[in-house]
Every structure is written in C-alpha cells, then in structure tokens.
Amino acid sequence: MNTARLNQGIPLLLNGVSKRYGNNLVLNALDLHIAAGQFIAVVGRSGGGKSTLLRLLAGLESPNGGALLAGNTPLAEIQHDTRMMFQDARLLPWKSVIDNVGLGLKGRWREAAQQALQSVGLEHRASEWPAALSGGQKQRVALARALVHQPGLLLLDEPLGALDALTRLEMQALITELWQRYGFTVVLVTHDVSEAVAMADRVLLIEEGKIGLDLAIDVPRPRRLGSVRLAELEEEVLNRVMKRGESEATALPRTRHA
Ligand SMILES: Nc1ncnc2c1ncn2[C@@H]1O[C@H](COP(=O)(O)OP(=O)(O)OP(=O)(O)O)[C@@H](O)[C@H]1O
C-alpha cells in the first residue's frame, strides 16, 4: 500500500494498565504497543473488557493503575486528537446533516464539513435532517463528523454492528479506504472475527484482562473477500476463543444445536 498519507497517526503505549469496577478486575496490568497509523481490531468474549479498553483510550475513564501514552506524552494531554464512533450514530436530530458534521468547528467550517461529507459519499444530503437517512447513511455522517477533525486516533466501538450484511461490507471498505488515505491510528472493537481479520493489521484478543492473542494479519491490501489466508486467520482466532470457552464450559450443561 503506497497511498500518500495526509496526516500522522498517534502511536500508543499502554504500560501495566489496570481497570477495576468494585471487585471486578477487568483489565489486569495490560501491556500494549501500537505503532503510529496501525489498524488494530480488538475481539474477545462478551464482558471481557473491549469497550473498557476503548473508553480508557478515549479518556472517558481513568485507569486504576499503569499509564497510557502517545509516544512520550500522556494520552490524556492529546485527547483533542482522538475521535470515537459507536454502534448508533448519535446525530442531533434537530440539526441538518452538515450542521451535525460541523458541530464544534469554528471559522470556515462549512467547507471542511462539506469535504468530509464528500469523502463518505454524502455531499448531496448535506441539508437534510438525520431522520431522512438510512442506518448506514447515518453511520457515514458519524464517520464524516469524526474525520472533519483530522483525528490522529479513531476509536470504533462496534460501529457496524447494527447494519445489514451488505451495508456492513461497504462500510468496512469505506473505513479502510479512509484510513489508508488519512493515516490515523485505528482501534476497532468488533464481535465479528471475519470483520477483524478483513480490516486490521493486527487482531488482539482480550482474555482475562490481558492480551491473550496478538495476531498479525499478513495479507496484502486490497484484500480479497473470501481469501483462503483470511479464512485461516479467522479460524485461528475463533479456535483460540472457543478453546478457552470449552474449558470454562465443562461444568455447564451442553445444548446441541441442529
Ligand atoms: N461503568 C461500569 N460499572 C461497573 N461495571 C462495569 C462498568 N462498565 C463495564 N463494567 C463491567 O466490566 C466488564 C467489561 O465490560 P466491557 O463493556 O468492557 O466488556 P466488552 O468486552 O466490551 O463486552 P461486550 O462484548 O458484551 O460489549 C463487564 O463485566 C462489565 O459488567
């Protein structure tokens, strides 16, 4: 991939990061290094701490121990360089599409917002209300609202989870294309292992509060849907998740599905 990158992604360094809620130790002295501009996907069992990790990276929560750094700088000091996207687009219904994208911008914001809308293919819907858009289009607007700030770090919390299969594939391609063009660092939390291996440079599995698996996705881009290597990597991640589940589930009654 030789696409010229427009801005620099943020490198991330997590040193012994712990997070607990009461007696529940969700992240246990987690160490992690992410290079500038890398695309990371985080998978793991429900309740394993994926969203907690993302909220810590976003500065929405503080760790109970350890440090989160961007290079040598505490991540909290450059939080303005971070944007987040969720499963729901969280658009303001009383503002037009372009006003949603330009929220918080000053000066010649309209031009920048229009450009961001163009990069997600929705420049022709700028003056409409969010209610007039489909779920996939709303997520495109949410993506434009993140891009307009030229983030160094884009945090994605299951942003495609509510979309139908085809729209989901289109959004995967769009996010990957924009990441290649702009060069920000991405941390994507997803339940969909095939999505994780199709999009990311590295897939991380969170297990018992630590990184249980750190798998490099050695498949050149653009990636071909249905590639044998992607399927092998997907199986490797799934086997790892299921193996852990099997040993946990031995004491539980088994239900067989036809
Ligand atoms: N604000 C909170 N207060 C108390 N417990 C919390 C809070 N947020 C998360 N937890 C707990 O921390 C654990 C990890 O939650 P988290 O949402 O990070 O998991 P997850 O891997 O993203 O799960 P899922 O895949 O189901 O979204 C869970 O046991 C959850 O109940």
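Predicted model, so just to flag it, every value in this text is computed and none were measured. (Residues numbered from 1 in each chain as written. Predicted model: local features only at pLDDT ≥ 70, side-chain atom pairs only at ≥ 80, totals over all residues.)

1. What about the overall build of the chain?
Piece 1. In terms of regular secondary structure, the chain is built from seven helices and 10 strands.
Piece 2. Taking the principal axes of its C-alpha atoms as reference, the chain extends roughly 60 × 45 × 40 Å.
Piece 3. Put simply, the chain has 258 residues, and 35% of those count as buried.
Piece 4. Put simply, of all contacts in the chain between residues at least 6 apart along the chain, 71% involve residues at least 24 apart. (Helix = DSSP H or I, 4+ residues; strand = E, 2+ residues; numbered from the N terminus. Buried ≥ 20, exposed ≤ 12 C-beta atoms within 10 Å, placed from the backbone. Contact = placed C-beta atoms within 7 Å.)

2. What about the packing of helix α4 (residues 135–147) against helix α5 (residues 165–182)?
Piece 1. Where α4 meets α5, the closest approach of the two axes is 11 Å, and the angle between their N-to-C directions is 15°. Classified by the angle their axes make, α4 and α5 are roughly parallel. The way α4 lies across α5 gives a crossing that is right-handed. Contact with α4, carried on its side by Gly 136, Gln 139, Leu 143 and Leu 147, involves Thr 167, Met 171, Ile 175, Leu 178 and Tyr 182 of α5 and no other residues of that element. (Axes fitted to C-alpha atoms, helices over the stretch in contact; angles between N-to-C directions. Parallel < 35°, antiparallel > 145°, perpendicular 65-115°, else oblique. Left-handed = near helix turned anticlockwise from the far one by under 90°.)

3. Concerning the environment of Leu 143
Piece 1. Relative to the helices and strands, Leu 143 is located in helix α4.
Piece 2. Exposure remark for Leu 143: the 26 C-beta atoms within 10 Å place this residue in the buried category.
Piece 3. In this structure the C-alpha to C-alpha distance between Leu 143 and Leu 27, which are 116 residues apart in sequence, comes to 28 Å.
Piece 4. With sequence-adjacent residues up to four places away left out, Leu 143 is seen in contact with Met 85, Val 120 and Ile 175.

4. Regarding the site of the ligand
Piece 1. The ligand sits among Tyr 21, Asn 24, Val 26, Gly 44, Ser 46, Gly 47, Gly 48, Gly 49, Lys 50, Ser 51 and Thr 52.
Piece 2. At the level of secondary structure, the elements contributing two or more residues to the shell around the ligand comprise β2 (24–34) and α1 (50–58).
Piece 3. When residues in the shell around the ligand are grouped by element, the largest group, three residues, is from α1.
Piece 4. Its residues assigned to classes, the shell around the ligand shows two nonpolar, eight polar and one charged. (Near = placed C-beta within 6 Å. Nonpolar A, V, L, I, M, F, W, Y, C, P; charged D, E, K, R; others polar.)

5. Quick notes on the confidence of the model for the chain
Piece 1. Across the chain, the average pLDDT comes to 91, with 91% of residues at 70 or higher.
Piece 2. When the criterion is pLDDT under 50, residues 249–258 qualifies, and its contacts beyond four places in sequence or with other chains add up to zero contacts.
Piece 3. At the level of chain-chain contacts, confidence expressed as ipTM amounts to 0.97, with global pTM at 0.91. (pLDDT = per-residue confidence, 0-100.)

6. Describing the nonpolar core
Piece 1. By size, the foremost hydrophobic cluster in this structure holds 65 residues, and its most contacted members are Ile 40, Val 42, Ala 144, Leu 188 and Ala 200.
Piece 2. No other element matches α4, which puts six residues into this core. (Core = buried A, V, L, I, M, F, W, Y, C linked by C-beta atoms within 7 Å.)

7. Focus: α5
Piece 1. For α5, which comprises 18 residues, the first-to-last C-alpha distance of 26 Å matches the rise-based estimate of 26 Å (1.5 Å per residue) to within 8%.
Piece 2. Here α5 has its buried residues at Gln 172, Ile 175, Leu 178, Trp 179 and Tyr 182. The buried residues of α5 occupy one face: seen down the axis, they fall within an arc of 140°.
Piece 3. Those residues of α5 hidden inside the fold are in contact with β3 (39–43), α3 (109–119), α4, β8 (185–189) and α6 (193–199).
Piece 4. Backbone geometry just after α5 places Gly 183 at a positive phi near 80°. (Expected span 1.5 Å × (residues − 1). Arc of directions from axis to C-beta.)

8. Some words on the sheet that holds β3
Piece 1. Taken in spatial order, the six strands of this open sheet run β6-β7-β8-β3-β9-β10, and their pairing is mixed. Sheet topology places β6 (82–85) and β10 (210–216) at the edges, where each strand pairs with a single neighbour. This sheet shows a mean twist of 20° between the axes of neighbouring strands, independent of strand direction.
Piece 2. Here five bridges tie strand β7 (residues 153–157) to β8, and the two strands are oriented parallel to one another. If you follow Leu 154 over to β8, its bridge partner there is Val 186. (Pairing = 2+ DSSP bridges.)

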